[in-house]
Amino acid sequence: MSKKLWGLLALLLAFMLVLAACNSDGEESTGTDEGTKTEDATTDDGGEEGTEEEAEEPVAEESDALFPLSVENDGEAISGGTLKVAMAKDEPFQGIFSYVLYEDAYDADILAYATNSLFETDGDFLITDEGIASMEVDQENNKVLVKIREGVKWSDGEPLKIEDLIQPYLIIGHKDYTGVRYDSDFQNIIGAVEYHDGAADTISGLKKVDETTLEISFNKLSPAIFSGGDGIWTYAEPSHIIKDIPVADLVESDAVRKSPVTLGAFKFDKIVPGESVQLVANEHYWKGQPKLDGVLVKVVPTSSISVAMQQGEYDIASSFSASKMEEVKDFDNIEILGRQELYYAYLGFKLGKYDYDNSLVVTDLENSKMGDVKLRQAMGYALDVEQVAEVFYNNLRERANSLIPPVFASFYDASLEGYTYDPDKAAALLEEAGFKDVDGDGIREDKEGKPFEIKFATMSGDDIAEDITQFYLQNWKDVGLNVTLTTGRTIEFNSFYDKIEADDPEIDIFMAAWGTGTNPSPAGLYSKTAQYNFSRYSSDFLEQTLTNIDSPESFDADYRAKEFRAWQEYMAEQAPVIPTMYRYELVPVNKRVKNYNIDYANPTELHEIELVADTGVKSTK
C-alpha cells in the first residue's frame, strides 16, 4: 500500500472513541431530541443504521469509563433459550425489513439480528476482509472488486450469488424506487443516472466478473469508500425472492413485511405488525449454528420499561432513554452498559421543498418564513440546552457544537462555540433582523409589523417529552417569539417524519435527531440530492464543500480535514440546522445473559450469545 494511502487510513482511524454505530443507525424516542432517523452505516449493529492510516500506529482515544462496555455473568449456560429484547417505544414500529427501504433506527435495530450485511469492520469501522465479502480498491481506475465467500447461504437455504449483490443497486436506482437512498453518492456509480432515467436497462458500472466477484466502476473514489461510502452498497438482497416484485410494490410486499429472507444469525419467524418480532436461529448462518433458539423483540412503552427490566421480563433494553437512569440505577438484576453514540439531535428550519420528480432540494430563502439567518441564529441562542441535559438527562447528554459528533476526532471541529444559551444575544439578533414588539405585549411582530407565529413540530415520546417541549417553547417566548406546536400537540414518531419528508406547510421548524452511521461524510444528509436533507437548504458553496470532502483530492488527509472544518463553520454560520445535543447510549442487560459486549472493537457475536437461566433474574430492590 502506498505511503499516501497509509497516511490517509491513519487519520481516519484516529476518530475512534468507543462509538455507538447506530446499526446502520440506532436510537430512541422521547420527542424533542430523540426519535432518531438513520443514515446508512457500514456495519449493521445502526443503522438508521445503524457504521479511514497509518504512517505510525493508529491513534485511538481511550474509551469513556462512565459505564462498562461488556458484561460477563457466571453460571453454566442453558441449552438454547430465547433472548428477550425490550424496545423502548411509545408507538408501533414501521416494520420495513429491508436495508434498501427502511428509514428509522427501530427497524434497523430489529434487522440487526437478521442482518444482510456483506462486510465486517474493525474497531474503527474500516471494512475488513473477514465478512461475507471482501473489497479491493483500485484508486487509480476508480474501481472496486467485491468478492464473496463460497458456500454462504440465505436463511431459506439458497446460495448467495453475485446477482444478490447487484439486486439492491437495481432497486435503489429504479425510477419507481420509493426509498430515500437514490442520492449523489449512489449517482457516483457509472451508469446509475442513465438507469434511473430509463436510458438503460441496467447499471453499466456493475459487472459480474465470475460467480464470486463483482466489479463496480465509479466516477470518482475518495476515502469514504473504506467506510462504505462513495455509493458502494454494503448489503445483499435475495434476488431469487424479490427480482420479480415490481419496485413500486416492494415496500408493502410479503418479502419485506412478513417473511424476509436473511443472511444473519437469526431469521424471521413471526411478525406482529408494529408490536413484536420473533426470530429463530438460522441453521444456514455462515458462522455456525447460533447457541440461542431465538430472539424476541417487543415494543415496550417508555412508561413501563424500567419496571419490566426490574421484574426480569426482558434481557436487554434497546432505545433506553437516559431520563430513565434514576429509575434503574439501583436494580441488582441488571448491568448497565454505555458508550458515546454516533448521534446528534438538532433544530431544523424549513427553507424550501424537495422536488421528488427530479430528486433535488429546492431552496427558497426569500419566501420561507425562516429564511432570515439572524432569526435562525436567534432561535439557537434562545435555547437553554445545558439545562435540559442536566435536569432531564442526568448529564448523559451534552450540548452539541457541531454537526460532526466528537467521536470523529479527525474531523470534528472542537473550536466551534456553537449556539450557547444567550437570550440577550438572541434578542439583539431579532432586533437587528427587524422582528420587534410593536404593540408592547411582549411578543414580536414580523418585519412588516404583522403578527408572527412559528409552527414547531416535535415528537411525542416518554414522560419527559412534553416537559422538554414546554421548556423550549418558554425559552423562545422569553425572547419574544410566538412559537406554537404544529397540530397543537407533539406528534407520533412515524407521522412526524411523514410530515417532515412531505414538507408539510404547517411546519416551520422541527426538532429531530440523526444516527449518523460510521461514515463521517455529511453528503448523505445535506447534499442537494439527499431526501434526508430535511431543511431543504442548499447553496453553491455547500455543494462544492461536500463534493470536496468526498473527492479524489481528499485522499490527502490534511485536505479532507480542512474541508470538513470549512463545512462545519459554514453550517454553523448559516444555521439551516442547529445541533443541540450529543448523547450517551445506555444498554441495560439482565444477569441471565452470560456475555454481552457493545465495544465495537470487540463486539459480541450474535450467534455466540448464551443464557444462564431459563427465566430472567428479578431485582430484589
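Owing to the predicted nature of the structure, the values given are computational and were not obtained by experimental measurement.

Cut-offs used in this document
Residues numbered from 1 in each chain as written. Predicted model: local features only at pLDDT ≥ 70, side-chain atom pairs only at ≥ 80, totals over all residues. Heavy atoms only, no water. Phe/Tyr/Trp six-rings, centres within 6.5 Å; stacked < 30°, edge-to-face > 60°. Buried < 20%, exposed > 50% of the residue type's maximum accessible area, 1.4 Å probe, protein only. Lys NZ or Arg CZ within 6 Å of the ring centre and 35° of its normal. Axes fitted to C-alpha atoms, helices over the stretch in contact; angles between N-to-C directions. Helix = DSSP H or I, 4+ residues; strand = E, 2+ residues; numbered from the N terminus. Parallel < 35°, antiparallel > 145°, perpendicular 65-115°, else oblique. Left-handed = near helix turned anticlockwise from the far one by under 90°. Contact = heavy atoms within 4.5 Å. Nonpolar A, V, L, I, M, F, W, Y, C, P; charged D, E, K, R; others polar. Arc of directions from axis to C-beta. Polar contact = N/O pair within 3.5 Å; in protein donor to acceptor, adjacent residues only side chain to side chain. Salt bridge = Lys/Arg side-chain N within 4 Å of Asp/Glu carboxyl O.

A.B. asks: What should I look at first to understand the packing of aromatic side chains in this one?
C.D. replies: Each aromatic ring pair is characterised by the separation of its centres together with the angle its planes make. For the structure shown, the criterion picks out 29 aromatic pairs. Aromatic side chains tyrosine 285 and tryptophan 286 sit 6.4 Å apart centroid to centroid with 65° between the ring planes, which places their arrangement in the edge-to-face category. Taking relative accessible area as the criterion, tyrosine 285 reaches 12% and is therefore assigned buried. Among the residues examined, tryptophan 286 registers a relative accessible area of 25% and is labelled partly exposed. Three or more aromatic residues joined by ring pairs make a cluster, and in this case those are Tyr106, Tyr344, Tyr346, Phe493, Phe496, Tyr497, Phe510, Trp514, Tyr532 and Phe534. Taking the ring centre of tyrosine 106 as reference, the NZ or CZ of lysine 89 above it sits at 4.3 Å.

A.B. asks: Just to check I follow, could you spell out the packing of helix 10 (residues 385–393) against helix 12 (residues 465–478) for this structure?
C.D. replies: Describing two packed helices takes the angle between their axes plus the distance from one axis to the other. Relative to each other, helix 10 and helix 12 sit at 160°, their axes nearing to 11 Å. Judged on the interaxial angle alone, helix 12 and helix 10 are roughly antiparallel. For the element pair helix 10 and helix 12, the recorded crossing hand is right-handed. Where helix 10 abuts helix 12, its residues Val385, Gln387, Val388, Phe392 and Tyr393 lie against Asp467, Ile468, Phe471 and Tyr472. In terms of residue class, the contact of helix 10 with helix 12 is built from seven nonpolar, one polar and one charged.

A.B. asks: Would you mind going over unusual backbone geometry with me for this structure?
C.D. replies: Peptide bonds are trans in most cases, and residues, glycine excluded, mostly fall at negative phi. A positive phi angle, close to 55°, is found at serine 359, a residue other than glycine. Position of serine 359 relative to the elements: it lies in the loop between strand 14 (352–355) and strand 15 (360–363).

A.B. asks: In this structure, what is going on with helix 13 (residues 493–501)? I would like to understand it.
C.D. replies: Because each turn of an α-helix spans 3.6 residues, side chains separated by three or four positions end up pointing in the same direction. Buried within helix 13 are the following residues: Phe493, Asn494, Phe496, Tyr497, Ile500 and Glu501. Summarising the axial view, the buried residues of helix 13 lie within an arc of 160°, below the 170-degree limit, and thus occupy one face. Between a side-chain oxygen at the N-terminus of helix 13 and the backbone nitrogen of asparagine 494 the separation is 3.1 Å; the capping residue is glutamate 492. Aspartate 503 lies just past helix 13 and shows a positive phi near 55°.

A.B. asks: Hey, could you run me through the environment of phenylalanine 411 in this one?
C.D. replies: Structurally, the position occupied by phenylalanine 411 is in the loop between strand 16 (397–399) and helix 11 (423–433). In the structure, phenylalanine 411 is positioned 110 residues away from serine 521 in sequence and 9.5 Å away in space, judged by C-alpha atoms.

A.B. asks: Mind showing me how you'd approach the environment of phenylalanine 496 here?
C.D. replies: Positionally, phenylalanine 496 belongs in helix 13. Residue phenylalanine 496 is classed as buried on the basis of its relative accessible area of 1%. In this structure the C-alpha to C-alpha distance between phenylalanine 496 and alanine 512, which are 16 residues apart in sequence, comes to 9.4 Å. Once residues within four sequence positions are removed from consideration, phenylalanine 496 is found in contact with Ala457, Thr458, Met459, Ile491, Phe510, Met511 and Ala512.

A.B. asks: Just checking my understanding: could you explain the packing of helix 15 (residues 540–549) against helix 16 (residues 557–574) for this structure?
C.D. replies: Contact pair helix 15 / helix 16: the axes reach a minimum separation of 9 Å and the direction vectors enclose 155°. The angle between the axes of helix 15 and helix 16 places the two elements in the roughly antiparallel class. As for how helix 15 packs across helix 16, the hand of that crossing is left-handed. Contacts between helix 15 and helix 16 involve Phe541, Leu542, Thr545, Leu546, Asn548 and Ile549 from the former and Tyr559, Arg560, Glu563, Phe564, Ala566, Trp567, Tyr570 and Met571 from the latter.

A.B. asks: Just to check I follow, could you spell out the pattern of salt bridges for this structure?
C.D. replies: Two side chains bearing opposite charge may form a pair once their charged atoms approach each other closely. Scanning all chains against the criterion turns up 31 salt bridges. Of the charged contacts in the structure, one is a salt bridge between lysine 287 and glutamate 605, with a shortest N-O distance of 3.0 Å. Highlighted residues: lysine 287 in the loop between strand 9 (276–281) and strand 10 (294–300) and glutamate 605 in the segment after strand 21 (595–597), separated in sequence by 318 residues. Linking glutamate 431 and arginine 444 is a salt bridge whose minimum nitrogen-to-oxygen distance equals 2.7 Å. Taken together, the residues span a long stretch of sequence, with glutamate 431 in helix 11 and arginine 444 in the loop between helix 11 and strand 17 (453–457) at a distance of 13 residues.

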